[in-house]
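Secondary and tertiary structure notes
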Amino acid sequence: MFNSLSEKLESAFKHLKGQARINELNVANTLKDIRKALLDADVNFKIAKEFTDTIKEKAIGEKVINAISPGQLMTKIVQDELTSLMGSEAATLDLTKNPSIILIAGLQGSGKTTFSGKLATYLKAQKKSPLLVAADIYRPAAMDQLTVLAEQIGVDIFVERENKDAVSITQNAIQYAKANNKNVIIIDTAGRLAVDEIMMNEVANIKAAVQPQEILFVVDAMTGQDAVNTAKAFNDRLDFTGVVLTKLDGDTRGGAALSIKYTVNKPIKFMSSGEKMDTLDIFYPDRMAQRILGMGDITSLVEKAQAQYDEAEAKKLEKKIRKNQFDFEDFLSQIQQIKKMGNLKDLMGMIPGMGKSLKDVDINDNSFKGVEAIIQSMTVVERRNPDLLSPSRKQRIAKGSGKDIGEINAFIKQFDQMKQMMKQMNNMPMGKMPGLRR
Ligand SMILES: Nc1nc2c(ncn2[C@@H]2O[C@H](COP(=O)(O)OP(=O)(O)O)[C@@H](O)[C@H]2O)c(=O)[nH]1
Ligand SMILES: [Mg+2]
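Quick caveat, the model's predicted, so the values are computed rather than measured.

What follows deals with the site of ligand 1. Around ligand 1 there are 16 residues in total, and G109, K112, T113, T114 and D249 lie nearest to it. Between K112 and ligand 1, the recorded distance is 2.7 Å, taken from a backbone N or O atom to an oxygen atom. One of the side-chain nitrogen or oxygen atoms of Q145 is found 2.9 Å away from an oxygen atom of ligand 1. Within the complex, 79% of the 570 Å² of free accessible area of ligand 1 lies under protein. Looking at side-chain class alone, the shell around ligand 1 contains one nonpolar, ten polar and five charged residues.

Structure representation (structure tokens):
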């Protein structure tokens, strides 16, 4: 995420790192490079200037030049300012009403329908009972899309295909929700390719009719400054309660994330990347600032791991590792756990220092395909007894998984090395392993 921006910011700090002495000149050069990095990320020039002016002021105030580690102090100042530019605190959803109504607005193609599905998945996981409402009356395909999503995630949907009045659909949906114990209503509306009066009127009419607690403006983060302009137009008309940044998976530059809060003074509430239904994340300005500065985001990584964490399973696995009984079956189930945590490259990017080194590496869920195919071509007995793999069995597995025998041997060798490492860890005195409790 925001790789190019991260890289440029990191290199801006080089002025301070390599120097034996820090002086006004290299601080000024750092600021100049920071400003350029922001402009290249498509941050509005006024915001970029104000940003570096503030940093300069703070750097003077905190006497960066005389500090023992000026580079570190400067990074801290930039980190704090990035955080505050994106909103400081994480924002929450107002779900106090029963039912709570969430209106989803934005341009066509921004990701409203996809987000509606993700939000419903997220709320369902929080033990809410959401109802999706198909209020995009113009394209029958839009209703189909939401219907398919709803079915996939197991959430109830309200559709009235013959009704051509979005306001009346939403009013009927509220009646339906009340009668069927749905406590959150998510209204997926129609969008246009550009801001236009008819669309704005329609959403404004729905707003007036149903008085939603939340109006979430969905915007494609890849569109940079345009995203910010659209946000302004929607906010002037709808006075929305929060922003959802979508498509943070591509090579999004960061301009939208950094400029929207400043421009409309509304919090970014969620960010979303990819088309899987479980890739919706709360937007935490402080964690995002850390990621942008290449510091990773261990907090989010741990949270994601915990969400998938099955205590009983983990205990069982720990026992097996301790007894040196880790087998192919355990390996396969670990891979599947990791895949459930979300986009792999994104996950790796949360490890401090990893983002940059992964820039050109192509990792995705398919990266595991080879290994999965190999293990899946083994019999259950073989999976549980790695030592059984004789040459003839390996031949059969190679055939079954479409690999050559060299690849099978390489995989088994890796697996053995991994087990060897686990064995060594088991033999290590506890005191030498920080953070690992037994
Ligand atoms: N890569 C990526 N694609 C997305 C994301 N969200 C939505 N899309 C895709 O963008 C297109 C438009 O999304 P859709 O939800 O139909 O937008 P809507 O017109 O606002 O309802 C679809 O092809 C989605 O699959 C995202 O976070 N990442
Ligand atoms: Mg849609």
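Read on for the rest.
One open sheet accounts for eight strands, arranged β3-β2-β4-β1-β5-β6-β7-β8; its pairing is mixed. Whereas interior strands pair on both sides, the edge strands pair on one side only; in this sheet they are β3 (156–158) and β8 (280–282). This sheet shows a mean twist of 25° between the axes of neighbouring strands, independent of strand direction. The pairing of strand β1 (residues 100–105) with strand β4 (residues 184–189) spans five bridges and is classified as parallel. Residue pairing in the sheet places L103 in a bridge with I187 of β4. Strands β1, β2 (130–135), β3 and β4 of the sheet are contacted by helix α8 (residues 166–179), whose axis makes an angle of about 160° with β2.

What follows deals with the environment of T170. Relative to the helices and strands, T170 resides in helix α8. Residue T170 is classed as buried on the basis of its relative accessible area, which comes to 1%. Separated by 36 residues in the primary sequence, T170 and I206 have C-alpha atoms spaced 7.4 Å apart. Dropping the residues within four chain positions of it, T170 is found in contact with A135, I187, I206 and V210.

A separate point is the packing of aromatic side chains. According to the stated counting rule, one finds eleven aromatic pairs in the structure shown. When the centroid spacing of 4.9 Å and the interplanar angle of 40° are considered together, the rings of F217 and F234 count as tilted. Taken as a pair, F217 in strand β5 (residues 214–220) and F234 in helix α10 (residues 225–238) lie far apart in primary sequence, 17 residues in all. There is no split in this pair, since F217 and F234 are both buried. Among the aromatic residues, those joined into a cluster by ring pairs are F326, F328, F331, F411 and F415. When the ring centre of F240 is taken as origin, the NZ or CZ atom of K266, which lies over that ring, is 5.3 Å away. When the ring centre of Y284 is taken as origin, the NZ or CZ atom of R287, which lies over that ring, is 3.7 Å away.

What follows concerns the packing of helix α1 (residues 3–12) against helix α3 (residues 24–40). Between α1 and α3, the least distance of the axes is 8 Å, while the angle of their chain directions is 175°. As the angle between them shows, α1 and α3 are arranged roughly antiparallel. Mapping the contact onto sequence places L5, K8, L9 and A12 in α1 and T30, D33, I34, A37, L38 and D40 in α3.

Now for the pairing of β5. With seven of seven residues buried, β5 is to be regarded as a mostly interior element. Here five bridges tie β5 to strand β6 (residues 242–246), and the two strands are oriented parallel to one another. Each bridged residue has a counterpart across the sheet, and for F217 the counterpart in β6 is V243. Crossover connection from β5 via α10 to parallel β6: handedness right-handed.

Here we take up the pattern of salt bridges. For the structure shown, the criterion picks out 20 salt bridges. Where E81 meets K58, a salt bridge forms, and the shortest distance between an N and an O atom there is 2.6 Å. One end of the pair, E81, is in helix α5 (residues 70–85); the other, K58, is in helix α4 (residues 45–61), and 23 residues separate them in sequence. One salt bridge connects K76 with D80, and the closest N-O pair in it is separated by 2.8 Å. Of the two residues, K76 and D80 are both situated in helix α5; the distance of four residues between them amounts to about one turn of the helix. Residue D80 is classed as partly exposed on the basis of its relative accessible area, which comes to 36%. Residues joined by salt bridges that share partners form a network here, namely K8, K36 and D40.

Further remarks concern helix α14 (residues 311–322). Compared with the 16 Å implied by 1.5 Å per residue over twelve residues, the 16 Å span of α14 between its first and last C-alpha is a close match. Of the residues trailing α14, N324 is marked for its positive phi of about 60°.

Reading the values: rules and limits
- Residues numbered from 1 in each chain as written.
- Chains lettered and ligands numbered in written order.
- Predicted model: local features only at pLDDT ≥ 70, side-chain atom pairs only at ≥ 80, totals over all residues.
- Heavy atoms only, no water.
- Near = heavy atom within 4 Å.
- Polar contact = N/O pair within 3.5 Å; in protein donor to acceptor, adjacent residues only side chain to side chain.
- Areas by Shrake-Rupley, 256 points an atom, 1.4 Å probe, with all protein chains shown as cover.
- Nonpolar A, V, L, I, M, F, W, Y, C, P; charged D, E, K, R; others polar.
- Pairing = 2+ DSSP bridges.
- Helix = DSSP H or I, 4+ residues; strand = E, 2+ residues; numbered from the N terminus.
- Axes fitted to C-alpha atoms, helices over the stretch in contact; angles between N-to-C directions.
- Contact = heavy atoms within 4.5 Å.
- Buried < 20%, exposed > 50% of the residue type's maximum accessible area, 1.4 Å probe, protein only.
- Phe/Tyr/Trp six-rings, centres within 6.5 Å; stacked < 30°, edge-to-face > 60°.
- Lys NZ or Arg CZ within 6 Å of the ring centre and 35° of its normal.
- Parallel < 35°, antiparallel > 145°, perpendicular 65-115°, else oblique.
- Right-handed = clockwise from strand over helix to strand, strands pointing away.
- Salt bridge = Lys/Arg side-chain N within 4 Å of Asp/Glu carboxyl O.
- Expected span 1.5 Å × (residues − 1).

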